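Chain by chain, the residues:
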Amino acid sequence: MAYKYYKDNRAYIEALLKTGDAIVVNDEVDWDLEMGAIVRRVCEKKSPSPYFKKIKDYPGFEGFGAPIASYRKLAVSLGLDPETPIPAIAKEYLSRTAADKGQKPKILNAKDAPCKEVVWTGDEADLFRLPAPMVHEGDGGRYIGTWHFVVAKDLDTPAINWGMYRQMVFDEKTMVGPVLPFSDMGKMFYNKYAPNNIPMPFATVIGPDPLSAIASCAPAAIPEDEFTSLLMGEPVEVVKCETCDLYVPAHAEIIIEGVIVPNVMIEEAPFGEYTGYRTSPREKRTVYRVTAITMRKNPILPISNMGIPTDEGQLLRSFSLGLEMERMLRDQGIPITGVYMLPESTHHLVVVGVKPAYANIATQIGQLVFGSKLGPWFHLVVVVDDKTDIYSKDELIHNLSTRCHPKNGIIITEQGVGTPLNPYAWPEERKYSRAGKVIFDCLFPPEWPTSMVPIKVSFDNVYPKEIKEKVLSKWNQYGFKD
Ligand SMILES: Cc1cc2nc3c(=O)[nH]c(=O)nc-3n(C[C@H](O)[C@H](O)[C@H](O)COP(=O)(O)O)c2cc1C
């Protein structure tokens, strides 16, 4: 059964305009820093997403900033009420994506695919004809891929991958960007195509429907097109590319096709990144050569502006990384109450609630999540007990400050896999993606006799049931509003 969802970026924008989570900007905006600055301020002030109707030098193009940069927008993208609380959004996501298999995409003919309304090949396929923004001052160039994904196919298996990997315009026909070696596309390209000197076909999907975008940045265990079908409750509609055998979401705004060139690298960056800093140096990175560009009429280019929280990358990566961890820990039979990764931590800190069933269960949890495929993206795991609200920052601080033993409760692994972007890391550590990992065990040792366990002094914990009920039922009568 299909869930309520938005088949394209446009229907989603309409929905956000209705809920007050987007606004129309009719003034002309400049692709050179102005659009970027607006979107940055929107993320920092948690304002509605700007729908730009006029972009300087690019008549016929529109823009859309901060597409899913809040839990309200995430709820709307899943067809839920924008007021839906985070745990309920998480429950909905987990239940939709519980199956270990999705549906194969539905293939449309080109004539029925909106993303083929305009087709540019040969000299016409020129990246400078697209309004790629200069997102932050100090960026190494204009970035066309900030909220998009790259479709690729494995060399010798049917596996396909959709993943978000930023893309900077280098010249009319060339884009460049980092593809980390432990990402799915990194493994396909660096382990199979590049050693055999075979160009790898790619298709960049810009302005997909929101569920395809969510799937593409989720650490899904199944191919992202099938994962999208789980979120939609029916197959995603795709169409074949013009110049290669890849399939792309048919309702997307813009598609850029081409090949990733083996064993040639060109310089990319700096760029304002998800950690809230500009960390990676200008360096030689992966090269994309363009063979065709197709698009809808009057395409709407989405723009994500990474920086200090909260942008959609931080929000969605935190959301899906945390929930994949939850699935994995439950599959292992660990008695967890839930997992919440804080977007404000730029997906570096995760809180796990667990019944303290046996000694060192926090260490077991930390080692499992750090040792998994998800591990490189974060380095702080806080384990709290089953009475703690994992979504409460107040409770998190209270737990860390009162229950975590400064020596025995902080378990450090000095050498783990990280990313090249960790702002605190020394240059050598960044270069080789080396990262320390820390577990904060906020569980009183289960072997302590009950008499030794400090009693938590809270409304819930230290009053008899009848007093609590009386106080709650008379709360408004006493004169309190909330
Ligand atoms: C906005 C955004 C930009 C990203 N940029 C990059 C990037 O440039 N390079 C990269 O390796 N990963 C990047 N990531 C992370 C990958 O998209 C992420 O690992 C994705 O889920 C691919 O995972 P997979 O390797 O499991 O397919 C980005 C994520 C987001 C949300």
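Above this text you will find the structure in question.
Residues numbered from 1 in each chain as written. Predicted model: local features only at pLDDT ≥ 70, side-chain atom pairs only at ≥ 80, totals over all residues. Heavy atoms only, no water.

Asker: When you look at the pairing of strand β1 (residues 22–29) in this model, what are you seeing that I'm missing?
Answerer: Regular strands place side chains that alternate from one sheet face to the opposite one. Two strands pair when backbone bridges link them, and β1 and strand β2 (residues 49–55) are joined in this way by 6 bridges, in the parallel orientation. Pairing of Val 25 across the sheet is with Phe 52, part of β2. In the classification by handedness, the crossover that spans β1, the intervening helix α2 (residues 34–45) and the parallel β2 is right-handed. (Pairing = 2+ DSSP bridges. Helix = DSSP H or I, 4+ residues; strand = E, 2+ residues; numbered from the N terminus. Right-handed = clockwise from strand over helix to strand, strands pointing away.)

Asker: Got a minute to help me understand helix α8 (residues 312–331) in this structure?
Answerer: Each α-helix winds once per 3.6 residues, and so residues spaced three or four apart point in a common direction. Taking 1.5 Å per residue as the helical rise, α8 with its 20 residues ought to reach 28 Å, and the 28 Å between its terminal C-alpha atoms agrees with that figure. Burial analysis of α8 places 17 of its 20 residues in the buried class, the great majority of the element. Between the side-chain oxygen at the start of α8 and the backbone nitrogen of Gly 313 there is a gap of 2.9 Å, and the oxygen is on Asp 311. Just beyond α8, the residue with positive phi is Gly 333, at close to 80 degrees. (Expected span 1.5 Å × (residues − 1). Buried < 20%, exposed > 50% of the residue type's maximum accessible area, 1.4 Å probe, protein only. Polar contact = N/O pair within 3.5 Å; in protein donor to acceptor, adjacent residues only side chain to side chain.)

Asker: What am I meant to see in the sheet that holds strand β12 (residues 237–240) here?
Answerer: Note on sheets: strands pair through backbone hydrogen bonds, and any given pair is parallel or antiparallel. The strand order across the open sheet formed by 3 strands is β4-β12-β13, and the pairing between neighbours is mixed. Whereas interior strands pair on both sides, the edge strands pair on one side only; in this sheet they are β4 (106–107) and β13 (247–249).

Asker: Help me out: how do you make sense of the site of the ligand in this one?
Answerer: With respect to spatial proximity, 19 residues lie near the ligand, and among them Met 164, Arg 166, Pro 178, Asp 184 and Lys 373 are the closest. The contact in question runs from an oxygen atom of the ligand to an N or O atom on the backbone of Leu 180, over 2.9 Å. Lys 373 places a side-chain nitrogen or oxygen 2.6 Å from an oxygen atom of the ligand. Burial of the ligand by the protein amounts to 93% of the accessible area it has alone, namely 630 Å². Of the residues contributing to the shell around the ligand, the split by class is 9 nonpolar, 5 polar and 5 charged. (Near = heavy atom within 4 Å. Areas by Shrake-Rupley, 256 points an atom, 1.4 Å probe, with all protein chains shown as cover. Nonpolar A, V, L, I, M, F, W, Y, C, P; charged D, E, K, R; others polar.)

Honestly, it's all geometry; don't read function into it.
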